[in-house]
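Structure assessment
The residues making up each chain are set out below.
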Amino acid sequence: MVQAVGGVVGLDKAELGRTLRTRRQEAGRTIASVAVDAGLSVPYIANLENGRGNPTVAALQQLAAALGFRLEIGLRGEDEGEGEGAAEPEVPDAVRRLMASPRVRAVARRLAQDRRAHVSLVTERLQDALLALGAVTGREVGERDLERLLDLLLLSGAAGLEEQARGES
């Protein structure tokens, strides 16, 4: 997605657009549903998918989160190769599909609102928690694991609100 042009790094907008469209379609999502989750307009996303516009990092982060992905930005010197450095582990497609579910989006919005955090950050942390759960159990996580994790988070949030209410009285 990023190409070096005369020593200056620039965004390959056409490749970005193709990637956004492919990821959205693979998730079975419409531009409108992604726009709602990302807090962006339909024309803005359509322009990006068509290789037009100059997206901000914040907009790309919101789009990534709405699609169940994490935005990664790196800086490399001209002599550094693609495969160098410590790369984060690849997120399995099964986890990406789980993270794109309507329930995950709803829970992430609720947790973000309760904690006064950005929904993309909460979504990223939910994905990290799901990946960690898989690492701890030593097996691939599934929909039931995700449902239990979301239930636990909602219950712990409700308990925290009850404790806070008792402390205020």
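One structure accompanies this document, and this report is about it. Computed from a predicted model, the values in this text were never measured in an experiment.

Scoring rules and cut-offs
- Residues numbered from 1 in each chain as written.
- Predicted model: local features only at pLDDT ≥ 70, side-chain atom pairs only at ≥ 80, totals over all residues.
- Heavy atoms only, no water.
- Helix = DSSP H or I, 4+ residues; strand = E, 2+ residues; numbered from the N terminus.
- Buried < 20%, exposed > 50% of the residue type's maximum accessible area, 1.4 Å probe, protein only.
- Contact = heavy atoms within 4.5 Å.
- Areas by Shrake-Rupley, 256 points an atom, 1.4 Å probe, with all protein chains shown as cover.
- Patch = residues over 30% accessible without salt bridge, like charges linked within 9 Å, V, L, I, M, F, W, Y side chains within 5 Å.
- Salt bridge = Lys/Arg side-chain N within 4 Å of Asp/Glu carboxyl O.
- Core = buried A, V, L, I, M, F, W, Y, C linked by side-chain atoms within 4.5 Å.
- Axes fitted to C-alpha atoms, helices over the stretch in contact; angles between N-to-C directions.
- Parallel < 35°, antiparallel > 145°, perpendicular 65-115°, else oblique.
- Left-handed = near helix turned anticlockwise from the far one by under 90°.
- Polar contact = N/O pair within 3.5 Å; in protein donor to acceptor, adjacent residues only side chain to side chain.
- Nonpolar A, V, L, I, M, F, W, Y, C, P; charged D, E, K, R; others polar.

1. Concerning the overall build of the protein chain
For the protein chain, the count of helices and strands is eight helices and two strands. Taken from the N to the C terminus, the helices and strands of the protein chain come in the order β-β-α-α-α-α-α-α-α-α. The buried share among the 169 residues of the protein chain stands at 31%. Sequence-distant contacts, at least 24 apart, represent 55% of the contacts inside the protein chain between residues at least 6 apart. Of the accessible surface of the protein chain, which amounts to about 10,700 Å², a share of 53% is contributed by carbon and sulfur atoms.

2. Observations regarding a nonpolar patch on the surface
A grouping of Val 57, Leu 71 and Ile 73 is seen on the molecular surface, where their side chains present a nonpolar patch of about 270 Å² in accessible area. For Val 57, the position within the fold is in helix H4 (residues 57-66).

3. A word on the nonpolar core
Counting residues in each nonpolar core, the largest one holds 17 residues, and the members touching the most others are Leu 126 and Leu 130. At the level of secondary structure, the elements contributing two or more residues to this core comprise helix H5 (93-99), helix H6 (102-115), helix H7 (119-137) and helix H8 (143-168). The biggest single contributor to this core is H6, with five residues. Setting aside residues no more than four positions away along its own chain, Leu 130 makes contact with Val 95, Leu 98, Met 99, Val 141, Leu 146 and Leu 149. With 16 residues, the next largest nonpolar core counts Leu 16, Leu 48, Ala 59 and Leu 60 among its residues.

4. Focus: the packing of helix H2 (residues 31-38) against helix H3 (residues 42-49)
Between H2 and H3, whose axes approach to 9 Å, the crossing angle comes to 115 degrees. Put simply, H2 runs roughly perpendicular to H3. Of the two possible hands of crossing, H2 and H3 adopt the one that is right-handed. Here Ile 31, Ala 32, Val 34 and Ala 35 of H2 lie close against H3, whose contacting residues are Val 42, Ile 45, Ala 46 and Glu 49.

5. Observations regarding the side chain of Asp 145
Note that Asp 145 resides in helix H8. Here Gly 142 takes part through its backbone nitrogen, which lies 2.8 Å from a polar atom of the side chain of Asp 145. When residues no more than four places from it in sequence are discounted, the contact partners of Asp 145 are Leu 133, Arg 139 and Glu 140.

6. Some words on the packing of H6 against H7
Contact geometry for H6 and H7: axes closest at 8 Å, N-to-C directions at 120 degrees. Between H6 and H7, the angle falls in the class oblique. Note that H6 runs across H7; the crossing there is right-handed. Residues Val 104, Ala 108, Arg 109, Leu 111 and Ala 112 of H6 lie in contact with H7, whose contacting residues are Val 119, Val 122, Thr 123 and Leu 126. Taken together, the residues of the contact of H6 with H7 break down into seven nonpolar, one polar and one charged.

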